[in-house]
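Per-entry structural report
The primary structure of each chain is shown beneath.
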Amino acid sequence: MSRLLKSCYGPMIDNFLEYKQSLGYSRSTYEGFLADFDKYCSLNYPNETVLTKEQALKWGIRRKTEQQSGYRRRLASLREFGKFLKATSEPTYIFPSGHAGSSPQYTPYIFTDEELSKFFEATDRLEMNKQSPNRHIVLPVLLRLIYFCGLRPNEGRELKTADVDLEGGILLIRGNKTHKERFVPMSDDVLNLCRRYADNLPYRNEYFFQNPDGNPYPAKWLTRQFLMVWNITVADSNHHPRVRVYDLRNQN
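Residues numbered from 1 in each chain as written. Predicted model: local features only at pLDDT ≥ 70, side-chain atom pairs only at ≥ 80, totals over all residues. Heavy atoms only, no water.

Turning next to the packing of aromatic side chains. With the rule as written, the count across this model stands at 21 aromatic pairs. Geometrically, the ring pair formed by Y197 and F209 is tilted, given 5.2 Å between the ring centres and 40° between the ring planes. A residue pair is termed long-range when its members are at least 10 positions apart, and Y197 in helix α8 (residues 188-199) and F209 in the loop between α8 and α9 (219-233) qualify at 12 residues. The class for F209 is buried, based on a relative accessible area of 0%. Three or more aromatic residues joined by ring pairs form one cluster here, namely Y9, F16, Y19, Y30, F37, W59, F81 and F84. One residue, R74, lies across the ring of W59, its end atom 4.6 Å from the ring centre. (Phe/Tyr/Trp six-rings, centres within 6.5 Å; stacked < 30°, edge-to-face > 60°. Helix = DSSP H or I, 4+ residues; strand = E, 2+ residues; numbered from the N terminus. Buried < 20%, exposed > 50% of the residue type's maximum accessible area, 1.4 Å probe, protein only. Lys NZ or Arg CZ within 6 Å of the ring centre and 35° of its normal.)

Before going further, it helps to spend a moment on α8. Compared with the 16 Å implied by 1.5 Å per residue over 12 residues, the 16 Å span of α8 between its first and last C-alpha is a close match. Those residues of α8 that fall on the buried side of the exposure criterion are V190, L191, L193, C194 and Y197. Angular distribution of buried residues about the axis of α8 spans 160°; they occupy a single face of the element. Residues of α8 that are exposed and point over 90 degrees away from its buried face: D188, D189 and D199. Among the structural elements, α6 (135-149) and β1 (164-165) are those in contact with the buried residues of α8. (Expected span 1.5 Å × (residues − 1). Arc of directions from axis to C-beta. Contact = heavy atoms within 4.5 Å.)

Moving on to the nonpolar core. Counting 40 residues, the largest nonpolar core has L143, L145, L171, M186, F209 and L248 as the members making the most contacts within it. Elements supplying a minimum of two residues to this core: α5 (113-124), α6, β2 (170-173), α8 and α9. Ranked by residue count, the leading element in this core is α6, at 9 residues. The residues touching L171, leaving out its near neighbours within four places in the chain, are L145, C149, L151, L159, D163, V164, R182, F183, V184 and M186. In terms of nonpolar packing, the next biggest core, distinct from the first, is built from 24 residues, I13, L34, L51 and W59 among them. (Core = buried A, V, L, I, M, F, W, Y, C linked by side-chain atoms within 4.5 Å.)

Right, let's get into the sheet that holds strand β3 (residues 182-185). Spatially, the 3 strands line up as an open sheet ordered β1-β2-β3, and their pairing is antiparallel. The open sheet has two edge strands, β1 and β3, and neither has a second partner. (Pairing = 2+ DSSP bridges.)

Take T92: it is sitting in the loop between α4 (68-87) and α5. Taking relative accessible area as the criterion, T92 reaches 17% and is therefore assigned buried. Apart from residues no more than four positions distant in its own chain, T92 is found in contact with L51, G82, L85 and K86.

Below is the structure:
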């Protein structure tokens, strides 16, 4: 582990992280929270060798600067760690499901056919931007892939060139929400769009939509660009609903 663990839980946290990685989960999902728990226990329970209800509940008090979503993720990390300890025959306390509250429900916006048509036309009319020189090339393809192939925004942003089969018209989606790979077919129109996009690339990138710095485009960048195009789409309308990039996926 990259962080220095000081409590008795250090070796078990390392084992837990390795176990989660073997299942396809990202180490960073749990590592920071459990390092924080390790530090808390080393300061407040230096001689405790069992994860007790008292330890969990005191560490699990919501902090003043903590958003509800971050609070749920923090407690979920300790809940998963507790389940791991229980499975390895270690006596432990496990946070009950829902202890941190439920996630707020968001109702996706359903675009009309006219809105979608205007939206994609607006992406096609984008001009080169000095701050984001490839925006006018990337957005028309990336946003259409999310919509037509039902991709999560991060699946589109992080799509690797090697996982785009431009011969067979198949996308290999890795590391998704369920931590399972899946194959997604492309329609002929979308496949031809991707082929034209790939032909315009000056060289073969690691990522199909690669930022000039060599990394995938950030989530915040995609959100800003999406809302910019959406504002163009509804510029002449009195109706300005709240929309997200993810809503494109929910149309299918």
